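Below, each chain spelled out in residue letters.
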Amino acid sequence: KTTTKMVLLPIKPIVIKSSRPARETVKLCLRRSFLFLSFACVLVVCVFGIDNLAFVDERKAGEKSDDAFDLMKNEKKDNDRGRRRPGFGLIDSVLRASTATTTKEEIMHEVEEMKYERPSDESSSEDSGGGAFGDIEEEEEEEGKEEDESAKEIDTPSTTTTMDEVKEKEEEKPTDVTTKEVEIKEEEQREQPAAASSVEREETKGEAPREEGDEREQRIAKDDLTPKSFVEFTAKDLEDVERFDYMMQKRDGSIGLSKNQCQEVKTYFQETLKPRYEDLKTNRIVIIDWSENYQNGIGDEMQHYQELFIIGVSTGRAAYVKTQKAECDGLGVSEGDEIENSKTYEDLARKCQFDLGDYFIGYGDVDWKWDKGKRRRAKKELFEEGDFEETVFTWSQKGAYIGDEQPERYKGGFYAEPDENSIVKTMEHPKFQAARVARIRIKTNFGHWCHPKPSDWGICLSYRWATNFENNFTSSKCGEACGVGSCFGTQMLMPRKHLKIAMLPAFEEMSRRGWKQIVGAHIRTGFADMSQVEPPTNVPRVVKQADLASVDELLATERTKRTYPEPKCPIKKDEHSVSWPRGSDDEDAGAGSAPLTLFLKCLADLMRDVRLKESDPLGLFFTTDSPAINAILHSPEALEVLRVNGTEVLSTVGSFGNVKFSNTGVCDDASDSCIASDPRSAWLKSMVDMTLLGETDVELLLYSSKFADAALMRSIKVKRGRVHFYEDTRITHQLIDPLVSRIQKPNPSEEDWKAWGLLWDNFGPSGERIDVKGSTLARKTSVA
């Protein structure tokens, strides 16, 4: 049997910035350490007997305290190391910081207090944060109480019984303790190499000799750079999943969401859809395959995922959406999709693309993502382990036809014109009706299928027919309330376990801070598009360290090149609306103003506007594609404009990139174990940010971006919706994308190089550009 160490993701992408110490976490760690010490003492007594421990009475009180402190200190370090898991670093980093700053006297004082501590049945919000996510300290104290009771049950009877047994053995045959200790140590030294090796794999006969010295270190280093597949969840992971679900339930209740919310859609998923996936032989399969179609950012594609799933569901079959490219041999992110042949992160980036199904699953475990695991199951259940067979129906811009030949080479006839209802025509075809597995291959253009374009109209008509769009979505083919977004989007896109684990640190941090109402902000600079090209090492840094003033200057200069609309700040209460709206004649809203500073002023008022009570804590969760902007919003200058302290602003760090590309990852200074060449790093961070935005009360965007729209299409909690501060203004379209295109051409102009360098200065990570940790697959330029 081979033991495989579970690695969900090979990095630690989510570390939450916080200035508030996690007192509850330290207390829990100390409590568990104390319990461990108690149990260790019982074992010592069991082994050596009371007579051999008489030296304890002869020790001085000061020496006892020193030894207890040293043992507690070492145990805290062991616990710290044991709790660290790849991919999730917040709690571990807080524990490390707490251990480093805890004095001997503080530890001993807390240990003494714990002897008499009894968990209270009632906990005030003042003690535990009292936020909308549940009471962390209350749970931890209850957990500690259970452990205390368990320790009591183990302690007394086991000690008595073992002591009797030990005394009987001592009477029968005296043992030299010193000799026994030496033998034990020698045995441990002999077993240590084998024990260390067995963590990775068990010994087998005929195995090649183990490497020595540098060879072994090189092999270990190589293994660390090999992409790891998802294998299984540890017990601690499953505890984190349960904790996330509990905290989500508490938050839903605190904001007034009933358990019966979206009940129609939940019932449809549970009672109509789930049985289809459980009995594939009866219901058969339809695969909506758009893996060869153009893939854009999640802001555009979120709508398309839901539309394609709805079209598939309308056939009455078990519907799957296939997004991953055929050459991808697995991303190792979700169950059943293990990595097979990719040996490096670059292999993953070249072969694979983003798949929303890796991060979300339907309500009731309706798993609509098509992958190798689903194919194996279909082969077993539909073809009794025989050859897997599928009938392919291609929807192209010229029309619909049978087969998987490329549209540009296809010379045959069409069973449906491009402007006909493609799904109805396909379902009427005898080959579809006879197929146990039908794969509908989408080969259209960019998307936006319901725009009035003849080449896409067949897909749009299919969606409108499935949802009964003309009759207000009633009596639809995909259940009541079926349609993109709202309840259907929420229930189709429930976070998978590993996404819950990745989001848990942020949820716990929000709870510790006592957040109830939360403002969400998103600043898309276009840096994720820029980072598909390597940084300009041929252009010296002009801005040594990006700050609020330098970014304001850059954006204000860009603003002079075009007319900006009046900024919109969605303030509702009169006491906060005195400064809004601000027209172009205002001192800080004119052409020479500071756009980012003005945006922060709006956020400052908005945080106070969404609070139900003035005593409620302020909370701002923001996302961005720029490492520099992420750091700036935590700077003293930005906090002063926001009129908050560090505990009232929260963001995530890690590998910055987007889901459109697989070579855009760039690590920031706050990520100590980020692997930029692994596309899964940036994709996970994007999904965490998008999902957490859906937990806010309002979304405010500096410029127009569809990223926040994607969050809205899978959440019903954003009460005030999404607002663009500068409506219909896209710095990515107007500045970044044209420059990215020009900079990759031969001999870019000096002006373009200067602008390119200035953008990297203000949006990229700090430090020299030659030291930037970016994807090794970033495109080369003619000079850099």
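What counts, and where the lines are drawn
Residues numbered from 1 in each chain as written. Predicted model: local features only at pLDDT ≥ 70, side-chain atom pairs only at ≥ 80, totals over all residues. Heavy atoms only, no water. Helix = DSSP H or I, 4+ residues; strand = E, 2+ residues; numbered from the N terminus. Buried < 20%, exposed > 50% of the residue type's maximum accessible area, 1.4 Å probe, protein only. Contact = heavy atoms within 4.5 Å. Phe/Tyr/Trp six-rings, centres within 6.5 Å; stacked < 30°, edge-to-face > 60°. Axes fitted to C-alpha atoms, helices over the stretch in contact; angles between N-to-C directions. Parallel < 35°, antiparallel > 145°, perpendicular 65-115°, else oblique. Salt bridge = Lys/Arg side-chain N within 4 Å of Asp/Glu carboxyl O.

Observations concerning the environment of E340
You can see E340 is positioned in the loop between β2 (318-322) and α14 (345-351). Assessed through its relative accessible area of 47%, E340 is described here as partly exposed. Expressed as a C-alpha distance, the spacing of E340 and G330, which sit 10 residues apart in the sequence, is 6.5 Å. Apart from residues no more than four positions distant in its own chain, E340 is found in contact with D329 and K372.

Focus: helix α18 (residues 457-467)
Looking at α18, one finds that the buried residues are G458, I459, C460, S462, Y463, A466 and T467. On its buried side, α18 packs onto α13 (298-313), β4 (391-396), α16 (422-428) and β6 (437-443).

Describing the packing of aromatic side chains
Centre-to-centre distance and the angle between the planes together describe a pair of aromatic rings. Going through the model one piece at a time under the given rule, you end up with 26 aromatic pairs. Aromatic pair F309 and F488: ring centres 6.2 Å apart, planes at 40°, arrangement tilted. You can see F309 sitting in helix α13 and its partner F488 sitting in helix α19 (residues 486-492), a full 179 residues away along the chain. Taken individually, F309 and F488 each receive the classification buried, so the pair is uniform in this respect. On the numbers, 6.2 Å between centres and 85° between planes, the contact of Y564 with Y703 is edge-to-face. With a gap of 139 residues between them, Y564 in the loop between α22 (548-559) and α23 (595-610) and Y703 in the loop between β13 (698-701) and α27 (707-712) connect regions that are remote in the sequence. Taken as a pair, Y564 and Y703 share a single burial class, namely buried. Here the aromatic cluster, defined as three or more aromatic residues joined through ring pairs, consists of Y268, F269, W290, Y305, F309, W368 and F488.

Observations concerning the packing of α22 against α23
As a packed pair, α22 and α23 sit with axes 7 Å apart at the nearest point and diverge in direction by 110°. Overall, the two elements α22 and α23 adopt an arrangement that is roughly perpendicular. Between α22, through L548, V551, D552, L555, A556 and R559, and α23, the contact on the second element is made entirely by P595, L596, T597 and L600.

Some details on the pattern of salt bridges
In this structure the tally under the stated criterion is 38 salt bridges. Measuring nitrogen to oxygen at the nearest pair gives 3.1 Å for the salt bridge that ties E509 to R513. By the burial criterion, E509 is buried, and R513 matches it. Members of the salt-bridge network, linked through shared partners, are D337, D358, D367, K369, D371, K374 and R496.

A closer look at unusual backbone geometry
The phi dihedral of N468 falls on the positive side, at around 55°, and the residue is not glycine. Looking at the element boundaries, N468 is found in the loop between α18 and α19.

Regarding the environment of C478
Within the secondary structure, C478 sits in the loop between α18 and α19. Given the relative accessible area of 1%, C478 is considered buried. Separated by 209 residues in the primary sequence, C478 and F269 place their C-alpha atoms 9.7 Å from one another. If sequence neighbours within four positions are ignored, C478 has contacts with Y268, I310, V313, A466, T467 and F488.

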